[in-house]
Amino acid sequence: MSSPFLVVEHVSKRFGPTQALSDVSVTMMAGEVHALMGENGAGKSTLGKAIAGLHAPDTGRIVVGGRELAKGSVHDAYDAGVRIVHQELAQCPNLTVAENLCLHALPTRGGLLDRRAMNERAARLLKDLAPEIRVDAPLGTLAPGRRQIVQIASALDDRGGADGAGRAKIIVFDEPTSSLSVSEADRLIKIIRGLAAQGILCIYVSHRMGEIFAACDRVTVLRDGKFVATSVIKDINESVLVSQMIGRTIDPASRVQRPALNAGAAPMLQVRGLASPKRLSGVSLSVRPGEILGVGGLVGSGRSELLDAVFGLDPRATGEVLVGGEAIPPRSPRAAIRAGVGYVPEDRRLQGLFFQLGCDENIVMPFMGLLARVGFRGFGGERSLVSERLSRFRVKTASPAAPPGSLSGGNQQKLLIARWMDKRTRVLLLDEPTRGIDVGTKSEIYRLVREAADAGLAVLLVSSEMPELLALSDRIVVMCEGELTGELTGEAMTQENILRLATLKHSASA
Ligand SMILES: Nc1ncnc2c1ncn2[C@@H]1O[C@H](COP(=O)(O)OP(=O)(O)OP(=O)(O)O)[C@@H](O)[C@H]1O
Ligand SMILES: [Mg+2]
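Presented here is a report on the structure given in the accompanying data block. Because the structure is a prediction, the values reported are computed rather than measured.

What counts, and where the lines are drawn
- Residues numbered from 1 in each chain as written.
- Chains lettered and ligands numbered in written order.
- Predicted model: local features only at pLDDT ≥ 70, side-chain atom pairs only at ≥ 80, totals over all residues.
- Heavy atoms only, no water.
- 1 Å grid on protein atoms, 1.4 Å probe; cavity = no way out; pocket = protein on both sides within 12 Å on 5 of 7 lines; lining within 4 Å.
- Points joined across faces, edges and corners; volume = space filled by probe spheres on them.
- Helix = DSSP H or I, 4+ residues; strand = E, 2+ residues; numbered from the N terminus.
- Nonpolar A, V, L, I, M, F, W, Y, C, P; charged D, E, K, R; others polar.
- Phe/Tyr/Trp six-rings, centres within 6.5 Å; stacked < 30°, edge-to-face > 60°.
- Buried < 20%, exposed > 50% of the residue type's maximum accessible area, 1.4 Å probe, protein only.
- Lys NZ or Arg CZ within 6 Å of the ring centre and 35° of its normal.
- Pairing = 2+ DSSP bridges.
- Axes fitted to C-alpha atoms, helices over the stretch in contact; angles between N-to-C directions.
- Contact = heavy atoms within 4.5 Å.
- Near = heavy atom within 4 Å.
- Polar contact = N/O pair within 3.5 Å; in protein donor to acceptor, adjacent residues only side chain to side chain.
- Areas by Shrake-Rupley, 256 points an atom, 1.4 Å probe, with all protein chains shown as cover.
- Patch = residues over 30% accessible without salt bridge, like charges linked within 9 Å, V, L, I, M, F, W, Y side chains within 5 Å.
- Salt bridge = Lys/Arg side-chain N within 4 Å of Asp/Glu carboxyl O.
- Disulfide = S-S within 2.5 Å.

1. Re empty space enclosed by the protein
Thinking step 1. Summed over the entire model, instances satisfying the criterion amount to 3 cavities of 30 Å³ or more.
Thinking step 2. Its boundaries defined by the atoms lining it, the second largest cavity holds a volume of some 60 Å³.
Thinking step 3. Considering each element in turn, the lining of the second largest cavity owes the most residues, 3 residues, to strand S4 (residues 59–64).
Thinking step 4. Classifying every residue of the lining of the second largest cavity by side-chain character gives 5 nonpolar, 3 polar and 2 charged.

2. Notes on the packing of aromatic side chains
Thinking step 1. In the structure shown here, the tally under the stated rule is 2 aromatic pairs.
Thinking step 2. An angle of 80° between the planes, with centres 6.4 Å apart, marks the rings of Phe-311 and Trp-420 as edge-to-face. On the criterion of sequence distance, the pair formed by Phe-311 in the loop between helix H9 (303–310) and strand S16 (318–323) and Trp-420 in helix H15 (residues 409–420) is long-range, its members being 109 residues apart. By the burial criterion, Phe-311 is buried, and Trp-420 matches it.
Thinking step 3. Joined through ring pairs, the aromatic side chains of Phe-311, Tyr-343 and Trp-420 make up one cluster.
Thinking step 4. Here the basic side chain of Arg-83 rests over the ring of Tyr-78, its NZ or CZ set 3.6 Å away from the ring centre.

3. Some thoughts on the sheet that holds strand S3 (residues 33–37)
Thinking step 1. Reading across the sheet, the 6 strands line up as S6-S9-S10-S3-S11-S12 and stay open at both edges, with mixed pairing between neighbours. Either end of the sheet is taken by a strand with one partner, and the two such strands are strand S6 (82–85) and strand S12 (226–232). Geometrically, the sheet is characterised by an average inter-axis angle of 20° between neighbouring strands, direction not taken into account.
Thinking step 2. Bridge count for S3 against strand S11 (residues 218–223) is 4 bridges, and the pairing is parallel. Bridge pairing in S11 links Leu-36 to Thr-220.
Thinking step 3. Those strands touched by helix H5 (residues 144–156) are S6 and strand S9 (170–174), and its axis lies near 175° from that of S6.

4. Describing H9
Thinking step 1. By the criterion of burial, H9 is predominantly enclosed, with 7 of the 8 residues buried.
Thinking step 2. When H9 is considered as a whole, its buried residues turn out to be Arg-303, Ser-304, Leu-306, Leu-307, Asp-308, Ala-309 and Val-310.
Thinking step 3. Just downstream of H9, Gly-312 is the residue with a positive phi angle, here 85°.

5. Quick word on the sheet that holds strand S13 (residues 269–276)
Thinking step 1. Strand order in the open sheet formed by 4 strands is S14-S13-S16-S17, and the pairing between neighbours is antiparallel. Every interior strand has two partners, whereas the edge strands, strand S14 (280–287) and strand S17 (326–327), have only one.

6. Description of the pairing of S14
Thinking step 1. In the sheet, S13 pairs with S14 via 5 bridges, with the strands oriented antiparallel. Following the sheet pairing, Leu-274 is matched in S14 by Val-283.
Thinking step 2. Counting the residues that bridge the hairpin from S13 to S14 gives 3 residues, and of these Lys-278 lies at a positive phi of roughly 65°.

7. Quick notes on the site of ligand 1
Thinking step 1. Among the 20 residues in the neighbourhood of ligand 1, the closest are listed as Gly-41, Lys-44, Thr-46, Ser-408 and Gly-410.
Thinking step 2. At a separation of 3.0 Å, an oxygen atom of ligand 1 approaches a polar side-chain atom of His-207.
Thinking step 3. For ligand 1, whose unbound accessible area comes to 640 Å², protein coverage reaches 87%.
Thinking step 4. If you list the elements that add at least two residues to the shell around ligand 1, you get strand S2 (18–28), helix H1 (44–51) and H15.
Thinking step 5. Element by element, the count of residues in the shell around ligand 1 is highest for H1, at 3 residues.
Thinking step 6. Its residues assigned to classes, the shell around ligand 1 shows 4 nonpolar, 12 polar and 4 charged.

8. Examining a nonpolar patch on the surface
Thinking step 1. Judged by side-chain polarity, Leu-103, Leu-106 and Leu-113 come together as a nonpolar surface patch covering roughly 230 Å² of accessible area.
Thinking step 2. Locating Leu-103 in the fold gives a position in the loop between helix H3 (97–102) and strand S7 (108–109).
Thinking step 3. On the basis of relative accessible area, Leu-103 is assigned to the partly exposed category, the value being 42%.

9. Observations concerning the pattern of salt bridges
Thinking step 1. Considering all chains together, one arrives at 27 salt bridges under this definition.
Thinking step 2. Glu-291 is paired through a salt bridge with Arg-475; the nearest N and O atoms lie 2.8 Å apart. Here Glu-291 is found in the loop between S14 and strand S15 (292–296), whereas its partner Arg-475 is found in strand S21 (residues 475–480), with 184 residues between them in sequence.
Thinking step 3. Here the salt bridges do not stand alone but share partners, grouping Glu-388, Arg-389, Arg-392, Asp-422 and Arg-424 into one network.

10. Describing the state of the cysteines
Thinking step 1. A full pass over the atoms with the stated rule returns 0 disulfides.
Thinking step 2. Cys-202 provides the cysteine sulfur closest to Cys-216, a residue in no disulfide bond, and the two sulfurs are 9.3 Å apart.
Thinking step 3. Judged by relative accessible area, which is 7%, Cys-216 ranks as buried.

11. Points about the side chain of Gln-244
Thinking step 1. Summarising the element assignment, Gln-244 is placed in helix H8 (residues 238–246).
Thinking step 2. Classification of Gln-244 by relative accessible area gives buried; the value is 15%.
Thinking step 3. With residues up to four places along the chain from it excluded, the contact list for Gln-244 reads Val-221, Arg-223, Val-228, Ala-229, Ser-231 and Ile-236.

So, to be careful, I would describe these as geometric facts and stop short of saying anything about function.
Structure, rendered in structure tokens:
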């Protein structure tokens, strides 16, 4: 093998009390796809950011192409050809796609923004990745998967550097597929393989085993900030990888026998004729206490729109939502929360967490009004509730008051779920609840969701991961183009049947 292109030597990084990386050494080759794996909080993003110059290591050095990078210098790393596609979507939702892509150097003509040149440039950058994305659309109107692709296009941008100067040589992909559909993820993996074939070192962070084995040449595992092993993908299997990551083997998505459902019980959640222009048409369903109702469908089929509307977030929604037999005032998240509805949305950054507050406040936030009314705010009751919740969900945080921005991605997601695991919650809406969650924590979350249901919650679950949907759901409804196309129970709950119902309308109109 040729000499390594990237050398990480004895790198350590501490954040206050958290040793995020300790004495990590690893080497990577030009032209390989090198996976970085490990549990939530293992240090993957921190290492990626250190390589990209976003974190200055406390000790050690990083060498790219034989040259040591200046510590914590984004510019130096950039000049050396290092790019990073962040785990969290870090863009400006109010600006257009083109503006986001050209922010670093907006083209001007006669001192004014040259919108046409900008749009052309953006279209050129997106040509191979996703030509269908409209460059003049505000970024915030795009689905998360699309926003992710825009970010990748931006990383590939050589910014017009001559003779390959400024061209990407190392790209860190930090969970780039976590918000992509299966077909988008497949397309991205092909793109990444193509980049590697051109000699670019692609560092690939993902919790999805299938992708690691499909896309990567070698894999390095981190655990608690420490280097565990680097292996050639061909020489390793999934269970060895899992045990390297967590020190035990598990089977995350198996069906578990739950107590028999009380079939006669009155529904806890009833949705009647829920509709919204261009999003939903006439959706009716009900969920009994203790039941987990899965919602299947392709990306864009209206599943997230359904949850939004149930939670009162869709200002144009019509129809009825009843909780415990009582209609809740429409189009009001506040009323939904008061009625006991909890929501873990797909996009934790835009919709879920309050980044200017602490983890503790994020947990009690929806109930703040209730606590304040009885004079609890800031007293022992709240503090013990917060610490109980953080420890039960093993949310890794330096202190309960630390802002969510200081948590690793998976821990942010756990925080969001922990918030609603409250006795005041009667209906739980979950949209892709295990996105970005490591294998060990995933099975933990499955257990907690089942426990919540066993305690009498009605759960409405959206998941694009088939094994997850099949393992958790007691019953599955499928959506296509904003409508329910069918319901599956018992033996009929299979991947084939879900896909058939999910594409029903497409094939009927074909
Ligand atoms: N800016 C920061 N301030 C304080 N602590 C931080 C900061 N960034 C990371 N940490 C801590 O460092 C540890 C490693 O975090 P990192 O984000 O690297 O994990 P990760 O392996 O990427 O996890 P995930 O799979 O959840 O994304 C975590 O305990 C995290 O809370
Ligand atoms: Mg991370």
